[in-house]
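Next come the chains, spelled out residue by residue.
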Amino acid sequence: MFKKFTALVLSCALVFGLFSVASAAPAAKREITYKGQVYTVPVKTDKIVIVGAMESMEDALVLNFKPLGVPSIGGKIPPLFSRITKGVTTIGEKTQPNLETILKLKPDVILTSTKFPAETNEKLGKIAVTIPVSHISTDWVNNLKLLGDLIGNKNASTQAVLQYQRELALVKKTLAPKLKDKTVLAVRVRAGNLFVYPKDVFFNPSLYRDLGASVPAEVAAAKAQQNISLEKFAEINPDYLFVQFSPEENADQPKALEELQKNPIWKSLKAVKNGHVYVNIVDPIAQGGTAYSKIAFLQALKQTKLFEHSRHLDK
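Residues numbered from 1 in each chain as written. Predicted model: local features only at pLDDT ≥ 70, side-chain atom pairs only at ≥ 80, totals over all residues. Heavy atoms only, no water.

Trainee: Now, about the overall build of the chain: what can you tell me, with residues and values included?
Mentor: Per the secondary structure count, the chain includes 15 helices and 13 strands. Counting all 315 residues of the chain, 47% fall into the buried class. Within the chain, contacts between residues separated by at least 24 positions form 62% of all contacts whose residues are at least 6 apart in sequence. (Helix = DSSP H or I, 4+ residues; strand = E, 2+ residues; numbered from the N terminus. Buried < 20%, exposed > 50% of the residue type's maximum accessible area, 1.4 Å probe, protein only. Contact = heavy atoms within 4.5 Å.)

Take a look at the structure:
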């Protein structure tokens, strides 16, 4: 009896030992290439922390993917992302990640931003494979496919790209003739100031490359987000103006947009006089250069006076 019991114990130990070894075995790895850099990542993973890369947050929204950890803005996760962030850990502000919190989450991959300093990405790289995601709008397809590839959902990313192409074909047919030879600008109000962006950042590629509007000189000259005075803005005097204003980004000046709209210089703009100022036609947190932003922007354009008027002219 004792021998049988001993054999049973040894057998169980062996079995459980094998299970222990199996569970401790490293996950299968593979190499992926993004923006010319090669990264070694799991074959498939949902253990992803997003740090500062709001582009990846929007991609996660499109792919209906819930990350392990996400950044906050003004101490809160923007409502835009509520569908994918219920119960998700906040890892600090988008520009000030908490390394200790991220370490505790034990991610396989960290998606950070090309806006981050190299030293920040190096610190994150000591925790897990860290991929700086491009903030340049023209990289939106590569960004979306990166996340789709990591989580094993390439099909969803492909479908989102196809959806954008379908939406663009419809909107461009109607709006491209209207925007031709007109001055079109997209601006963001931050900390009470007006900002313009380079031609390949924000919603600019949608306006200039996709819908065919001419690139204003001030946009062509911008190397990064650039503060512009109202007086200088009045010299541009846009025909069509898209304004993004987020309370989170104007916490110290919550009435900045209201005050701007009361300013006589603002009232003198052609876009204001002709009723072609479009404020927050998409969520004010939207980055502009992502699948989510680009699709939402086209869908919103179809609801504006600009689109309705142009469509009637076509008939």
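Trainee: Provide a residue-level description of the sheet that holds strand 11 (residues 226-228), including the pertinent values.
Mentor: The five strands are arranged 11-10-9-12-13 in an open sheet whose pairing can be described as mixed. Two strands bound the open sheet, and with one partner strand each, they are strand 11 and strand 13 (277-279). Shown here is a sheet whose adjacent strand axes are inclined to one another by a mean of 35°, direction ignored. As paired strands, strand 10 (residues 193-196) and strand 11 are joined by three bridges and run antiparallel to one another. Paired with L194 across the strands is I228, a residue of strand 11. (Pairing = 2+ DSSP bridges. Axes fitted to C-alpha atoms, helices over the stretch in contact; angles between N-to-C directions.)

Trainee: Give me the lowdown on the packing of aromatic side chains, citing residues and values where you can.
Mentor: Tallied over the entire structure, the rule returns seven aromatic pairs. Where F233 meets W266, the ring centres are 6.2 Å apart and the plane angle is 5°; that geometry is what we call stacked. Remark: W266 occurs in helix 12 (residues 264-267) and F233 occurs in helix 10 (residues 230-236); sequence separation between them is 33 residues. Across the pair, W266 and F233 agree in class, each one buried. Taking the centre distance of 5.4 Å and the plane angle of 25° together, the rings of F242 and Y278 count as stacked. On the criterion of sequence distance, the pair formed by F242 in strand 12 (residues 240-245) and Y278 in strand 13 is long-range, its members being 36 residues apart. On the basis of relative accessibility, which here comes to 8%, the residue Y278 falls in the buried class. Counting every residue linked through ring pairs, the aromatic cluster contains Y197, F202, F203, F242, Y278 and F297. (Phe/Tyr/Trp six-rings, centres within 6.5 Å; stacked < 30°, edge-to-face > 60°.)

Trainee: Give a description of the layout of surface pockets that names residues and reports values.
Mentor: Regions of empty space are outlined by a rolling probe, equal in size to a water molecule, passed over the atoms. Space inside the largest pocket adds up to approximately 440 Å³. Lining the largest pocket are 23 residues; nearest its centre among them are E55, K115, H135, R190 and Q287. For the lining of the largest pocket, a count of residues per class yields nine nonpolar, eight polar and six charged. When its volume is computed, the second largest pocket comes out at roughly 170 Å³. V189, G192, N193, L194, N227, I228, S229, L230, Q253, A256, E259 and L260 together form the lining of the second largest pocket. At the level of secondary structure, the elements contributing two or more residues to the lining of the second largest pocket comprise strand 10, strand 11 and helix 11 (256-262). Per-element tally for the lining of the second largest pocket: the top contributor is helix 11, with three residues. Residue composition of the lining of the second largest pocket, by class: six nonpolar, five polar and one charged. (1 Å grid on protein atoms, 1.4 Å probe; cavity = no way out; pocket = protein on both sides within 12 Å on 5 of 7 lines; lining within 4 Å. Points joined across faces, edges and corners; volume = space filled by probe spheres on them. Nonpolar A, V, L, I, M, F, W, Y, C, P; charged D, E, K, R; others polar.)

Trainee: Could you give an account of helix 7 (residues 154-179), naming the residues involved and the relevant values?
Mentor: Of all the bends in helix 7, the greatest, near 45°, is centred on K172. Along helix 7, the residues that are buried comprise S157, A160, V161, Y164, E167, L168, V171, T174, L175, K178 and L179. Note on helix 7: the residue one or two positions beyond its end, D181, has a positive phi of about 65°. (Bend = angle between axes of the 7 residues up to and from the residue.)

Trainee: For the pairing of strand 5 (residues 89-93), give the residues involved together with the corresponding values.
Mentor: Pairing of strand 4 (residues 69-72) with strand 5 involves three bridges; the strand directions are parallel. Bridged to G69 within strand 5 is T89. As paired strands, strand 5 and strand 6 (residues 96-97) are joined by two bridges and run antiparallel to one another. Residue pairing in the sheet places G92 in a bridge with P97 of strand 6.

Trainee: I'd like a rundown of the packing of helix 6 (residues 140-150) against helix 7, residues and numbers included.
Mentor: Look at helix 6 against helix 7: their axes get within 7 Å of each other, and the N-to-C directions meet at 155°. Between helix 6 and helix 7, the angle falls in the class roughly antiparallel. Considering only the axes of helix 6 and helix 7, their crossing is right-handed. Between helix 6, through W140, V141, L144, K145, G148 and D149, and helix 7, the contact on the second element is made entirely by K154, S157, A160, V161 and Y164. Of the residues that constitute the contact of helix 6 with helix 7, the class distribution is six nonpolar, two polar and three charged. (Parallel < 35°, antiparallel > 145°, perpendicular 65-115°, else oblique. Left-handed = near helix turned anticlockwise from the far one by under 90°.)

Trainee: Kindly report on the nonpolar core, identifying the contributing residues and their values.
Mentor: The nonpolar side chains of soluble globular proteins are, as a tendency, buried together. Counting 81 residues, the largest nonpolar core has L111, L194, F233, F242 and W266 as its most contacted members. Counting nine residues, the second largest nonpolar core, distinct from the first, contains L105, I110, F116 and L124. (Core = buried A, V, L, I, M, F, W, Y, C linked by side-chain atoms within 4.5 Å.)

Trainee: Go over unusual backbone geometry, please, and point to the residues and values.
Mentor: One non-glycine residue, A191, lies in the positive phi region at around 50°. Of note, N280 is a non-glycine position whose phi angle comes to about 50°, a positive value. Tracing the sequence through the fold places N280 in the loop between strand 13 and helix 14 (291-301). Given a relative accessible area of 27%, N280 falls into the partly exposed group.

Interpretation in functional terms is not warranted from these geometric data alone.
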